[in-house]
Every structure is written in C-alpha cells, then in structure tokens.
Amino acid sequence: MAAQLPLYITGHVQVAQVPDRHEPDSPGEVNFPYLFNLLEKLGYQGYVGCEYKPMGSTEAGLDWVRKYWGGKK
C-alpha cells in the first residue's frame, strides 16, 4: 500500500469507516490505526478530513481522535 500512496500530490485524506460511514474506530473493514501510522511513517503533512456520520453526538464522535493521538507521546 505504501508504494501506491502518491504523497507528493496528496494534500487531503478523508476518513469514514466502511460500510456504514461511521467513526474510524467503529466496527468495519478499514484498519485506521494501520493507515494513520503509515501516513505518519511516510511523512504525510496534509489534512485528514472526517466525513462520517457520528453514531452519537458530534463530541462523542470525535473521541477516536483523543484515543489515537492522545496515546502518541
């Protein structure tokens, strides 16, 4: 996968879990921790847009951000 990411022209990545388009940490087919780690490893500096339907409130729907990046110290 890393060889196929043209990061030199990628300035925006949008995320939503498959198939129901919910938060990245909801059950689904995409391994977002792997994808986010890969983007970091490759030096991605663009935007990550959240284009999903929260399963609850907007604030609760952003809890995955705190869980993922809060553990990166």
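Calculation rules
- Residues numbered from 1 in each chain as written.
- Predicted model: local features only at pLDDT ≥ 70, side-chain atom pairs only at ≥ 80, totals over all residues.
- Heavy atoms only, no water.
- Helix = DSSP H or I, 4+ residues; strand = E, 2+ residues; numbered from the N terminus.
- Contact = heavy atoms within 4.5 Å.
- Core = buried A, V, L, I, M, F, W, Y, C linked by side-chain atoms within 4.5 Å.
- Buried < 20%, exposed > 50% of the residue type's maximum accessible area, 1.4 Å probe, protein only.

Chemist: Describe in detail the side chain of S26, supporting the description with residues and values.
Modeler: The topology assignment puts S26 in the loop between β1 (12-15) and α1 (32-41). In contact with S26, other than residues within four places in its own chain, are Q17 and M55.

Chemist: Can you break down the nonpolar core residue by residue, with the values?
Modeler: Counting residues in each nonpolar core, the largest one holds 11 residues, listed as V13, V15, A16, F32, L35, F36, L39, Y44, Y52, W64 and Y68. Of all the secondary structure elements, the ones that give two or more residues to this core are β1, α1 and α3 (63-70). It is α1 that provides the largest number of residues to this core, a total of four residues.

Chemist: If you had to explain unusual backbone geometry to someone new, which residues and values would you point to?
Modeler: Put simply, V18 and P19 share a cis peptide bond, and its omega is 10°. Looking at where P19 falls in the secondary structure, it is placed in the loop between β1 and α1. Of note in this structure, R21 is not a glycine but carries a positive phi near 60°. Its location among the elements puts R21 in the loop between β1 and α1. The class of R21 is partly exposed, set by a relative accessible area of 38%.

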